[in-house]
Amino acid sequence: PACQQVFPSLCRLQPQPSGVTIDESFITENKSTQKCKLLQKRRTLELPAASLSHCQAPVLGGAGKLPTQGAPPAGPGHRLHPGTKAAAHQREKIRALEPLKAKLVTVNEDCNERILAMRAEEKHEISLLKKEKMNLLKLIDKKNEEKISLQSEVAKLRKNLAEEYLHYLSERDARKILIADLNELRYQREDMSLAQSPGIWGEDPVKLTLALKMTRQDLTRTQMELNTMKANFGDVVPRRDFEMQEKTNKDLQEQLDTLRASYEEVRKEHEILMQLHMSTLKERDQFFSELQEIQRTSTPRPDWTKCEDVVAGGPERWQMLAEGKNSDQLVDVLLEEIGSGLLREKEFFPGLGYGEAIPAFLRFDGLVENKKPSKKDVVDLLKDAWKERLAEEQKETFPDFFFNFLERRFGPSDAMAWAYTIFENIKIFHSNELMSQFYAVLMGKRSENVYVTQKETVAQLLKEMTNADSQNEGLLTMEQFNTVLKSTFPLKTEEQIQELMEAGGWHPSSSNADLLNYRSLFMEDEEGQSEPFVQKLWEQYMDEKDEYLLQLKQELGIELHEEVTLPKLRRALMTIDPSLDKQTVNTYMSQAFQLPESELPEDSDEKEEGVVEILQTALERLQVIDIRRAGPREPEPAN
């Protein structure tokens, strides 16, 4: 900009270098400082411009004339065109200004160097100012910290001053009290000295009389106040004594409550022990009576090896039949062998007639052919009968269904012969689980729901074990086996769970990681015999039913030959099994008293007392159906 003011024509001809442009973004001073710096720059730039004004003389050539570039030589007779003269003049002017161009470039570079020096100086000043600013900020922070520290120290000193002030106040009050006490003692000493001096009798009698009168009034008033205080506060005890007595009373009350709770627990334990003692005495008397009866009627233990030569198949078959059986079961096996031999010899069965006591499927006169099926054939036939029975709606009675099943299977002509043949077979084979259960249901000694429920329980247990078998390999660890049993049978005791595990293959030397092929526990042989595990489930079910009915009898507290009313039996059931629902209780009552559920009187009905039955008969009827515990008994009081 300075060169444009001094040499405007040269700046139009020569382009300004890119380094001449001035970046004003770094200037942070105020307006007065900027104006001063611009004036200084202009003064520095005017000096070389003034020196250039003296260099504007024409530059001569070697002959003292302006040189021309490319112009034709001018002869004596040559005349120049006016335009040519103007161009020549311009070229001469340009040649004259060539030195000025070099000077201008030099001045421009000098200006740029000055500008860069000024920028560097300003940057240095700015960095110094920033450092000074940071130092001042640090100083301010330090002063603020000192201020805060001094404020906290002042607050602490104020607090100490307040404490000292209070201390001095208390000291002042104590000093005043001490001075007052000293003055009082001094006055008393002076009074005593005056009273002892002989000159006291010389005082005014009127004054002494008035003082005596006033003293007597004060004494009377003080005596009245004292009596009032005694009357009002004669029965009052000090607060400290009252609080101590209250605390002692509270401690004694807590000890009394603890002793009462302990006494109640001991009393309940005593009642429980008395009940256990009485039950133990009853069991002892019962066992003693059984022992006497056994001693009176017992016979020597038979030698079962004698049967080896009698049973078909010889010693090997007898050992297989007798394995794991007690004497009672061996008698059943021996009777089955004898009975099966007699059955094979019979060609015909005599008909039982048409009496009312004869089952409907056996009512026939005359001889009936013995079809002589094998034991396996009978078992297969019974399985088919159960499958068909479970598939239908069960509208007809089980004996009628059985005879209709035989008619559909063998035709009307052979149905009666097969009915007698199967009946005689299942009557003999008591040790066969399927035959004995079918015979009990057929003769009405057991409800078919018992068989159905047992099968459903076994199927549910197999399903739970299959769900626990994540790998679907048919194997479970002993720990998983135990967990499934406890979850499926939550009401069984630890002893019952232990029996089931032993029946499944567990033994004391087994570990929790031992594997068990659980599917083999639910297999059946060709004669319908289940594995020991399923047999143990059935035995436990029958034992639980017997124990349940025994608890019911004990709760009733009457003998078997005595009568029991419907409300009494219902209350006893709800007592030993509170989890029973109303529908189940009505089903049990309907079976025990042989009344349809629709005809059962409702609770608190006067007709309830009129429904009675012999206890033994009611229990036998309940033994027929599927009766089992629905939930645990109410917990006994904690010892």
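Numbering of residues starts from 1 in each chain and follows the order in which that chain's sequence is written. Residue-level local features of this predicted model are given only where pLDDT is at least 70; pairs of side-chain atoms are given and counted only at 80 or more, and the full residue set underlies all totals for whole chains, interfaces and linings. Based on all heavy atoms of the structure, the side-chain values leave hydrogens and waters out of the count.

A. Spotlight on the overall build of the chain. Working definition: helices are DSSP H or I runs of at least four residues, strands are E runs of at least two. Numbering for both runs from the N terminus. In terms of regular secondary structure, the chain is built from 19 helices and six strands. Relative accessibility thresholds used throughout: buried, under 20% of the residue-type maximum; exposed, over 50%; partly exposed, between the two (1.4 Å probe, protein chains only). Burial status across the chain gives 26% buried among its 639 residues. A 1.4 Å probe and the Shrake-Rupley method give the accessible areas. Residues count as covered only by the protein chains that appear here. With an accessible surface of roughly 45,300 Å², the chain has 55% of that area assigned to carbon and sulfur atoms.

B. Representation of a negative patch on the surface in the model. Candidates for patches are residues over 30% relative accessible area with no salt bridge; among them, like charges are joined within 9 Å and nonpolar side chains (Val, Leu, Ile, Met, Phe, Trp, Tyr) within 5 Å. One speaks of a salt bridge when a side-chain nitrogen belonging to Lys or Arg is within 4 Å of a carboxyl oxygen belonging to Asp or Glu. Note on charges: Lys and Arg go in the positive column, Asp and Glu in the negative column, and His and the chain ends are not counted at all. A single reference atom marks each charge: NZ on Lys, CZ on Arg, CG on Asp, CD on Glu. Among the surface-exposed residues, Glu495, Glu499, Glu502, Asp543, Asp546 and Glu547 lie close enough to one another that they form a single negatively charged patch. Where the negative patch is concerned, the elements lending two or more residues are α15 (494-504) and α16 (532-556). Residue placement: Asp543 occurs in helix α16.

C. Structural detail: the nonpolar core. For the purposes of this section, nonpolar cores are sets of buried Ala, Val, Leu, Ile, Met, Phe, Trp, Tyr and Cys residues that join through side-chain atoms within 4.5 Å. Within the largest apolar cluster, 36 residues are counted, with the highest numbers of intra-cluster contacts made by Phe361, Leu382, Leu406, Ile422, Ile426 and Phe438. Every element with two or more residues in this core is listed here: α9 (375-391), α10 (398-410), α11 (412-428) and α12 (433-442). Every residue in contact with Leu406, bar those within four places of it in the chain, is listed here: Leu381, Gly411, Ala415, Trp418, Ala419 and Ile422. One finds Ile558, Val564, Leu566 and Phe593 within the second-largest nonpolar core, a separate group that totals 25 residues. The criterion used for residue contact is that any of the two residues' heavy atoms lie within 4.5 Å.

D. Spotlight on a nonpolar patch on the surface. Taken together, the side chains of Val331, Leu335, Ile338 and Leu342 define a hydrophobic patch exposed on the protein surface, amounting to about 350 Å² of accessible area. Assignment of secondary structure puts Leu342 in helix α8 (residues 327-345).

E. Representation of the packing of α10 against α11 in the model. Lines fitted to C-alpha atoms define the axes, with helix axes restricted to the stretch in contact, and inter-axis angles between N-to-C directions lie between 0 and 180 degrees. The geometry of α10 relative to α11 is characterised by a closest axis approach of 8 Å and an angle of 125 degrees between their N-to-C directions. Classed by the angle they form, the pair α10 and α11 counts as oblique. Seen from above, α10 lies across α11 with right-handed handedness. Packed against α10, whose contacting residues are Phe402, Phe403, Leu406, Glu407 and Phe410, the element α11 presents Pro412, Asp414, Ala415, Met416, Trp418, Ala419 and Ile422 at the interface. Classes in brief: Ala, Val, Leu, Ile, Met, Phe, Trp, Tyr, Cys and Pro nonpolar; Asp, Glu, Lys and Arg charged; the others, Gly included, polar. Counted by class, the contact of α10 with α11 contains 10 nonpolar, no polar and two charged residues. Angles below 35 degrees are treated as roughly parallel, those above 145 as roughly antiparallel, those between 65 and 115 as roughly perpendicular, and all remaining angles as oblique. Each helix crossing is assigned a hand: it is left-handed if the near helix lies turned anticlockwise from the far helix by less than a right angle, otherwise right-handed if that turn is clockwise.

F. View of the side chain of Gln496. Looking at where Gln496 falls in the secondary structure, it is placed in helix α15. For Gln496, a relative accessible area of 15% translates into the label buried. Contact partners of Gln496, with chain neighbours within four places excluded, come to Gln540 and Glu544.

G. Structural detail: the UniProt feature "coiled-coil region" (unreviewed entry) in the chain. UniProt positions are given in the numbering used here, feature names are shortened, and annotations may be inferred rather than shown by experiment. The sites that UniProt annotates as "coiled-coil region" (unreviewed entry) are residues 126-160 and 242-276. Helix makes up 100% of residues 126-160 and strand 0%, whereas the separation of the span's terminal C-alpha atoms amounts to 50 Å. Secondary structure content for residues 242-276 is 100% helix and 0% strand, and the end C-alpha separation is 50 Å.

H. Main features of α8. Expected helix span is taken as 1.5 Å per residue step, with the number of steps being one fewer than the number of residues. The end-to-end C-alpha separation of α8 is 27 Å, in line with the 27 Å expected for 19 residues at 1.5 Å each. What α8 keeps buried is the set Leu330, Val333, Glu336, Glu337, Gly339, Ser340, Gly341 and Leu343. For α8, the elements touching its buried residues are α7 (314-322), β1 (348-350) and α11.

I. A look at the confidence of the model for the chain. Values of pLDDT, which run from 0 to 100, indicate the predictor's confidence residue by residue. Averaged over the chain, the pLDDT score is 81; the fraction of residues at 70 or greater is 82%. The element-level mean pLDDT for the chain is lowest in helix α2 (residues 8-13), coming to 38, with helix α19 (residues 615-624) highest at 92. Counting contacts from residues 1-31, a segment whose pLDDT is below 50, to residues more than four positions away or on other chains yields 29 contacts. Long-range and interchain partners of residues 635-639, a stretch whose pLDDT sits below 50, account for three contacts in this model, where long-range means more than four residues apart.

J. The arrangement of the packing of α9 against α10 in detail. Following both chains from N to C, one finds α9 and α10 inclined at 115 degrees, their axes separated by 11 Å at the closest point. The angle between α9 and α10 falls in the class roughly perpendicular. Here α9 and α10 pass one another in a crossing that is right-handed. Between α9, through Leu381, Asp384, Ala385, Trp386, Glu388 and Arg389, and α10, the contact on the second element is made entirely by Phe398, Phe401, Phe405, Leu406, Arg408, Arg409 and Phe410. Residues that form the contact of α9 with α10 fall into these classes: eight nonpolar, no polar and five charged.

K. Representation of the packing of aromatic side chains in the model. Put simply, two rings from Phe, Tyr or Trp (the six-membered ring, in Trp's case) pair if the centres are within 6.5 Å, and we call them stacked under 30 degrees between planes, edge-to-face over 60, tilted for the rest. Inspection of every chain in the model, using the stated rule, returns 14 aromatic pairs. Relative to Tyr541, the ring of Trp538 has its centre 5.6 Å away and its plane inclined at 35 degrees; by these criteria the two rings are tilted. Here the residue Trp538 and the residue Tyr541 both occupy positions in helix α16, the gap between them amounting to three residues, near one helical turn. Classification of Trp538 as buried rests on a relative accessible area of 13%. Overall, the relative accessible area of 5% leaves Tyr541 in the buried class. Each member of the aromatic cluster is reached from another via a ring pair, and the members are Phe361, Trp386, Phe398, Phe401, Phe402, Phe405, Phe423, Phe438, Tyr439 and Tyr451.

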